[in-house]
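One letter stands for each residue in the lines below.
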Amino acid sequence: MKWRAEEVLERLASLPAPGLRAAPEGPASVEAEALRGDHDLNPELNPQVYDPGRPLRDAAVLVPIIDRPQELTVLLTRRSNALPDHPGQISFPGGGVDPGDADAEAAALREAQEEVGLAPRHVTLLGRLDTYLVRTGFSVVPVVGLLHPPFDLRAEAGEVDEIFEVPLAYFLDPANRQLHSRVFRGAERFFYAYPYGDYYIWGATAGMLSNLSDVLRAADLEGA
């Protein structure tokens, strides 16, 4: 199925406020109204459970959908290998919400401008996905934005090694969402992954892309 910008706009606009849903493949012990996060498939990793005294830091990412003439694409970055946290991993532009940011949307736009040189004037904000809790102590608001070319991008030195695009249709195909696992601190942990060419998209980024896919495909699933 080839998605058009108008259809994405229509589907996101018709949705209620962002939900608080667990992952579709999450274990039965995860309540349906639980926040999404790394713990969707591993309930013991919920930071609100294993470290309740640690405050969660507010963060935001921009989920950028580019309106290309041929098809819609999703903009992603490869984090710098020089970073102390998650070096080399695939992510959305984003980071912590600063005191000067009016809201999550402002933070996401600011971070996107800093990390990839994307000017806010090229972005139409479409809405929010579900808040996503990261094991390392962040509460992340994914903000979906439609990007209008042409625009010039530049990777922030020391933060971003690469900027690339993946067709939105790839993430909307259920066959491409894979369930992988690794041993972490002596236990097997499960997570979503979207292998794409030389890119291995996993963890929080894959979880948010899974949420985006669920949201955009909801009408199709209801009619199935």
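Residues numbered from 1 in each chain as written. Predicted model: local features only at pLDDT ≥ 70, side-chain atom pairs only at ≥ 80, totals over all residues. Heavy atoms only, no water.

Enquirer: Is there a simple way to think about the pattern of salt bridges in this case?
Expert: Note on pairing: side chains with opposite charge can pair once their charged atoms come close. Scanning all chains against the criterion turns up ten salt bridges. Among the ionic pairs, R128 bridges to E105, the shortest N-O distance being 2.7 Å. Placement of the pair is R128 in strand β6 (residues 123-128) and E105 in helix α3 (residues 104-116), with a sequence separation of 23 residues. Residue R110 pairs with E111 through a salt bridge whose shortest N-O separation is 3.3 Å. R110 gets classed as buried once you look at its relative accessible area, which sits at 18%. Each of D98, D101, R110, E111 and E114 takes part in one network of salt bridges that share partners. (Salt bridge = Lys/Arg side-chain N within 4 Å of Asp/Glu carboxyl O. Helix = DSSP H or I, 4+ residues; strand = E, 2+ residues; numbered from the N terminus. Buried < 20%, exposed > 50% of the residue type's maximum accessible area, 1.4 Å probe, protein only.)

Enquirer: How should the nonpolar core be read in this particular structure?
Expert: Counting 37 residues, the largest nonpolar core has V8, L76, L168, F171 and L212 as its most contacted members. Take this core: its biggest share by element is six residues, from helix α5 (residues 203-223). If we ignore the near neighbours within four places in the chain, the residues touching L76 are I90, S91, F92, E162, I163, F164, V166, F171, I201 and T205. L75, A108, A112 and F151 belong to the second largest nonpolar core, which has 16 residues in total. (Core = buried A, V, L, I, M, F, W, Y, C linked by side-chain atoms within 4.5 Å. Contact = heavy atoms within 4.5 Å.)

Enquirer: Would you take a moment to explain the pairing of strand β11 (residues 187-196) for this structure?
Expert: For a regular strand, side-chain orientation follows a simple rule: the groups alternate between the two sheet faces. The pairing of strand β10 (residues 178-184) with β11 spans seven bridges and is antiparallel. Of the residues in β11, the one forming a bridge with H180 is F191. The hairpin formed by β10 and β11 contains two residues between the paired strands, and R185 there has a positive phi angle of roughly 50°. Bridging between β11 and strand β12 (residues 199-202) involves four bridges; their strand directions are antiparallel. (Pairing = 2+ DSSP bridges.)

On their own, these measurements won't tell you what the molecule is for.
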